[in-house]
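This is what each chain is made of:
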Amino acid sequence: MTETRGPGPAQSPAVISLLIMHQLFRLVLGQKDLSRAGDLFSLDDSEIEDSLTEALEQIKIISSSSDYQTNNNDQAVVEVCITRITTAIRETGSIEKHARALVGLWDSCLEHSLRPCGKDEDTPHAKIASDIMSCILQNYGRAPVAALAVPVAAKFLGGGDAGVCRSVSSYLALAATAQAGLLARHTDAIVESALRGNAMLLRVLPAVYEKQPQPINRHLMDLLALMPQLEQPEQYHLLRLLHVAAKRKQPEVAQKCIPFLIGHLKDSTHSDVILNILTEIAGYDPVALNTFLPMMKEIGERFPYLIGQMAKIYGAVGHVDEERARSCLPFLVSQLANMEHSFHHILLLEIKSITDTFSSILGPQSRDIFRMSNSFTTVARLLTQQLETAQARSSRKKTSTEVEFPEKLEEIKLTLAENEDHEKLQVKIQAFEDKINAESNTPSSIRRYSLGQFSKEERKDIRFNRSKSLALHTALTKSLSSDDGEVVESEDVPASIFVSETDPLSQGNDKSPFKADSDRSQLGNSTVSHPTIVYTESENLPETVQENCQEETPETTASPVEYQDKLYLHLKENFSKVKAYAVEIGKKIPVPDQCTIEDSVRSCVAKLFFTCSLKGHYCLYSKSSFILISQEPQPWIHIMFLFQQSLFPEPLSIQSHSVQFLRALWEKTQAEGAHSFETAMMESTFPQQKDLDQVQLHLEEVRFFDVFGFSEAAGAWQCFMCNNPDKATVINQDGQPLIEGKLKEKQVRWKFIKRWKTRYFTLAGNQLLFQKGKSKDDPDDSPIELSKVQSVKVVARKRRDRSLPRAFEIFTDNKTYVFKAKDEKNAEEWLQCINVAVAQAKERESREVTTYL
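Residues numbered from 1 in each chain as written. Predicted model: local features only at pLDDT ≥ 70, side-chain atom pairs only at ≥ 80, totals over all residues. Heavy atoms only, no water.

*Asks:* Help me out: how do you make sense of the packing of aromatic side chains in this one?
*Replies:* Two descriptors summarise a pair of aromatic rings, namely the distance from one centre to the other and the angle between the planes of the rings. Inspection of every chain in the model, using the stated rule, returns 23 aromatic pairs. On the basis of an interplanar angle of 15° and a centroid distance of 5.0 Å, the ring pair of Y621 and F708 is categorised as stacked. Separated by 87 residues along the polypeptide, Y621 in the loop between β6 (604–610) and β7 (626–630) and F708 in strand β8 (residues 708–711) bring together distant segments of the chain. Given the relative accessible area of 6%, Y621 is considered buried. Three or more aromatic residues link up through ring pairs in this structure, and these residues are F610, Y621, F626, W636, F704, F705, F708, F710 and W717. Sitting above the plane of the W756 ring, K820 keeps its charged end 4.3 Å from the centroid. (Phe/Tyr/Trp six-rings, centres within 6.5 Å; stacked < 30°, edge-to-face > 60°. Helix = DSSP H or I, 4+ residues; strand = E, 2+ residues; numbered from the N terminus. Buried < 20%, exposed > 50% of the residue type's maximum accessible area, 1.4 Å probe, protein only. Lys NZ or Arg CZ within 6 Å of the ring centre and 35° of its normal.)

Written as structure tokens, this is what we have:
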């Protein structure tokens, strides 16, 4: 009888994986054959692409074995295979297909120790995690990959290894720009890691706050306590978080933040950002700022460039009720007379808005005080006197028809209930006009016509006589109300008294001379009818008005525009163009982090410092800087100015701290008698194209673009390593050459006898190694220490040949080397690799110095 056998026992997943893998992967991983591992790189990426998931699962099994941490052979096999797998994934673009297996292997590393065994020595599983992180990092924008990776990344924040934690933080910072919703689920872990000192995660919090504010609000005060320990970029991101929180209009959160913000307002680095946050809060919770106004006043008096934004905060608080309005107005008025800043137009708008809202503060003649003079100092003096008068009379108010002069406490009652009284008033007006016309030779027949009906000469006369006649007229003006509350007008009032006809602010549009922009119309044009005039002899006028008549002659009267910030007005007119231009030019030319002007033999030069914005794990410029010396400082200053403007929601003022700094730099570069900074910025809003071309050419000459590139995803300039995290892992493998091959070295025996000698060069670690002969087996010659390299420059074949040359020079502190590649493409490869390696060597040196200190 024949025995029938059933199916054999089920095969394990490990066996199945080995069966369906590529045979070379099966050999290397199945037998852990390190001698054949290098052959994996001889296979085409498409040939092994279908085996990558199974290979990752097999690696997971090997790395989970009990003896993996002590088995050097297994570790080497895994490292080589992971490098080959991540390279194939990148080249074939198959990250989404293999993401689950890749993230699964990454997650398995958390089951093992990630803490360094010795000084700067990663554990085997920390190395696996770091290699996989580099592969995932470059695909942060892919939603399916992020959905799998973000939860695991959040686990790594508490994993213990600082290097892995930094890489994970870099990934989360990038992922926050595209996948903020995924990160919001892990807000608690992100906040806790930030509080433990992982400052890079502060970049993530503004993005996740919109989705998950509660966990951040709970720890907000703890996060603010980190401020003194943070570097400037992280401080900025913490303030950005507060700005996002302020925009959500949560009064309880705002009240927690205000003492912190006021405490850091004296820091000029962040004062503009802090005031923007306080202005935002003032828009919906002005009462919360009321108790802090004295401190803000003290800071504003010490730093006049902050007055513009403070005026808006005072204005918001002043609109709460009349009591607060009366307490805010003295500061605003005092700053109106201050000539150390150029925010007088903003102050005047806020003062007028408050006094219009609470008209009882200045009385019915409040509109006329703003029309009395083109001098902000004079207006401030009149407003101060009127505020003092109003305070003194507040206990004995009369009916709304009472008229109280700013310069006297005397009260005059005028009632127009009877036609007889009205006729007497008109007689007084006519007498007053005859007196003024006799002095100024202005025809008395001029009436309220449109400016379009006057000749240019008549317009000029009206404007010149404004300071004299208008001061006399409006100082004694009052609004006369009829029984139904409407304003009564006189038909025989001369045209020269109307601000809408005489104010230079309304002269810009010939077609519609009474129209002005929204800001100006609040200052120059009143929405109610023009008041009637009461005649008073000149000798009985208040002292301040007499001074106005004597001092403000046609020769000395200035347009209000001359008192305003011309740079501010120019930027306001071109605001949208400047912001759009700054965004575009910022993608082509980097903005330096720091600039100093130094004197040279012939002229001054700009010393520019560039750092990487991301500062990732392998960053080339997190502690050190790329330094550029430019013989043409002014285009750089111009670019920095436009960039500064692009950061702010409002036009910059000449008194802004950043503008003052740039102006100081500009003045150091100026020849005597040349245009001032503000004049230059207004005459040429944008740099000349030839200057931009020269800047770009200079950056190319110093090989800036070898080590920096603009990241569209991050919207910023980042170093080569941060832009290419996949290459960073390969470059940082100890002992692995970055590039190697034959180059010709120029041998100089005498001044006019030169020859080229072929040698074999290897760029690895911190050295450029070269052999005496053409083979890499020849004995080594003295290597070039990359940390001692001062610069690397190209050598042009011909002066007129702009194509990339084959030869390049390496300058050290005591020698110059000249090398020549086989062709231009090979020269370009060597140049970029050397520049990246030099930057990396100097960055390592800077980190060692920082650690030592």
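From this point, the narrative continues.
*Asks:* Would you mind showing me how to read the sheet that holds β6 here?
*Replies:* Sheets are built from strands paired through backbone hydrogen bonds, the pairs being either parallel or antiparallel. Read from one edge of the open sheet, three strands run β5-β6-β7, paired in antiparallel fashion. Among the strands making up the open sheet, the edge pair consists of β5 (594–599) and β7. Each neighbouring strand pair of the sheet contributes to a mean axis angle of 20°, computed without reference to strand direction. Bridging between β6 and β7 involves five bridges; their strand directions are antiparallel. Note on β7: the bridge partner recorded for F609 is I627. Contacting β5, β6 and β7, helix α33 (residues 633–646) crosses the sheet at an angle of about 45° to β6. (Pairing = 2+ DSSP bridges. Axes fitted to C-alpha atoms, helices over the stretch in contact; angles between N-to-C directions. Contact = heavy atoms within 4.5 Å.)

*Asks:* Before we go on, may I ask you to explain the pattern of salt bridges in this structure?
*Replies:* Side-chain pairing between opposite charges can occur once the charged atoms of the two side chains come close. Within this structure, the stated rule accounts for 21 salt bridges. Note that R248 and E210 form a salt bridge whose closest N and O atoms lie 3.9 Å from each other. Linking R248 in the loop between α15 (232–247) and α16 (251–263) with E210 in the loop between α12 (205–209) and α13 (213–218), this pair joins segments that are 38 residues apart in sequence. For E322, the salt bridge is made with R326, and the minimal N-O distance between the two is 2.8 Å. On the criterion of helical spacing, the pair formed by E322 and R326 is a turn pair, its members being four residues apart in helix α20 (residues 322–336). (Salt bridge = Lys/Arg side-chain N within 4 Å of Asp/Glu carboxyl O.)

*Asks:* What should I look at first to understand the environment of E192 in this one?
*Replies:* By the secondary structure assignment, E192 is in helix α11 (residues 187–195). A sequence separation of 23 residues divides E192 from P215, and the C-alpha atoms of the two residues are 9.8 Å apart.

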